[in-house]
Amino acid sequence: GKHVEYLESELKGVRATFSERLSSLTSERDSLASKISELEFEKESVETELQLRIQFLQSDHDSMQGKVTQMETRITSVQEDAARRIKEIECQKENAENESK
């Protein structure tokens with residue numbers, strides 16, 4: 001009888017220890033799982049933020065590129081006007097010289 005009682009109490013102790021350890025591991029696992037969820041959420045919001053930033057920069061870049069193109073067109077047109085005007089003046093000067101002969 002005494003030996004059986006001893007074994008039963010030993011068994012209770014082992015079960016209690018096992019149950020404690022199990023519940024501690026379970027709560028550790030749950031806590032890690034919730035940290036993982038937080039990290040995934042953070043990762044997604046960082047990715048979204050980056051995506052928006054990239055789009056913003058891209059549209060900034062495109063709009064500046066557009067302005068550069070417009071300016072190049074204006075520069076060309078100013079150069080052409082200047083060249084035309086210079087030719088006109090040179091022609092007038094030549095005519096004036098010929099008339100004065």
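Up top is the structure these notes are about.
Because the structure is a prediction, the values reported are computed rather than measured.

(A) Focus on the overall build of the protein chain. Regarding its fold elements, the protein chain presents one helix and zero strands. Since a compact globule built from 101 residues should have a radius of gyration of about 13 Å, the 43 Å found for the protein chain marks it as more spread out than a globular shape. Along the first, second and third principal axes, the C-alpha set of the protein chain runs to 150 × 15 × 5 Å. Looking at the protein chain residue by residue over its 101 residues, the buried ones come to 0%. Total accessible area on the protein chain stands at roughly 9,700 Å², and carbon and sulfur atoms take up 58% of it. Distance from the positive charge centre (15 side chains) to the negative charge centre (22 side chains) of the protein chain: 1 Å.

(B) Here's a closer look at the environment of Gln65. Inspection of the secondary structure puts Gln65 in helix α1 (residues 2-100). Between the C-alpha atoms of Gln65 and Thr26, which are 39 residues apart in sequence, the distance is 58 Å.

(C) Seen up close, the environment of Ala16. Here Ala16 shows up in helix α1. In this structure Ala16 comes out as partly exposed when scored by relative accessible area, which is 44%. As a C-alpha pair, Ala16 and Glu94 span 78 residues in sequence and 116 Å in three-dimensional space.

(D) Expanded view of a nonpolar patch on the surface. A surface patch of nonpolar side chains, amounting to about 270 Å² of accessible area, comprises Val46, Leu50 and Ile54. With respect to the helices and strands, the residue Val46 is situated in helix α1.

(E) Quick look at the pattern of salt bridges. Under the counting rule described, the total for this entry stands at four salt bridges. Linking Asp30 and Arg29 is a salt bridge whose minimum nitrogen-to-oxygen distance equals 3.0 Å. Residue Glu88 pairs with Arg85 through a salt bridge whose shortest N-O separation is 3.0 Å. Taken together, the residues Glu88 and Arg85, both in helix α1 and three residues apart, mark about one turn of the helix. Given the relative accessible area of 38%, Glu88 is considered partly exposed.

About the cut-offs
- Residues numbered from 1 in each chain as written.
- Predicted model: local features only at pLDDT ≥ 70, side-chain atom pairs only at ≥ 80, totals over all residues.
- Heavy atoms only, no water.
- Helix = DSSP H or I, 4+ residues; strand = E, 2+ residues; numbered from the N terminus.
- Rg over C-alpha atoms; globule rule 2.2 N^0.38 Å.
- Buried < 20%, exposed > 50% of the residue type's maximum accessible area, 1.4 Å probe, protein only.
- Areas by Shrake-Rupley, 256 points an atom, 1.4 Å probe, with all protein chains shown as cover.
- Lys, Arg positive; Asp, Glu negative; His and termini not counted.
- Charge placed at Lys NZ, Arg CZ, Asp CG, Glu CD.
- Patch = residues over 30% accessible without salt bridge, like charges linked within 9 Å, V, L, I, M, F, W, Y side chains within 5 Å.
- Salt bridge = Lys/Arg side-chain N within 4 Å of Asp/Glu carboxyl O.

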